[in-house]
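# Reading the structure
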Amino acid sequence: MSRLALRNKAAKKPKFACRSYNRCPLCGRVRGFLTRFHMCRICFRLLSLRGDIPGVRKSSW
């Protein structure tokens, strides 16, 4: 299925609550979803490196 069809499928309310899953609103990715920021790990990394997410800094030691 195309990504657009999968996004539409995820937007619908499932018949059972355990069938629901989180999807990144930016790219549509299902895996690697960060619940705290409501996006996938790849989008989180890109936005945090650009400084678009307030309070998040790249760690270095």
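About the cut-offs
Residues numbered from 1 in each chain as written. Predicted model: local features only at pLDDT ≥ 70, side-chain atom pairs only at ≥ 80, totals over all residues. Heavy atoms only, no water. Buried < 20%, exposed > 50% of the residue type's maximum accessible area, 1.4 Å probe, protein only. Helix = DSSP H or I, 4+ residues; strand = E, 2+ residues; numbered from the N terminus. Arc of directions from axis to C-beta. Contact = heavy atoms within 4.5 Å. Lys, Arg positive; Asp, Glu negative; His and termini not counted. Salt bridge = Lys/Arg side-chain N within 4 Å of Asp/Glu carboxyl O. Polar contact = N/O pair within 3.5 Å; in protein donor to acceptor, adjacent residues only side chain to side chain.

With that settled, the discussion passes to helix α2 (residues 41–50). Along α2, the residues classified as buried are C43, F44, L47 and S48. Mapping the buried residues of α2 onto a view down its axis gives an arc of 125 degrees, with all of them on the same face. Seen from the buried face of α2, the exposed residues on the opposite side, beyond 90 degrees, are R45 and R50. Those residues of α2 hidden inside the fold are in contact with β1 (33–34) and β2 (39–40). Remark: G51 follows α2 within two positions and exhibits a positive phi of approximately 90 degrees.

With that settled, consider the side chain of R23. With respect to the helices, strands and loops of the structure, R23 is situated in the loop between α1 (3–11) and β1. Buried within the structure, R23 lacks any salt-bridge partner; D52 is the closest side chain of opposite charge, at an N-O distance of 22 Å. Of the polar contacts made by the side chain of R23, one reaches the backbone oxygen of G28; its length is 2.4 Å.

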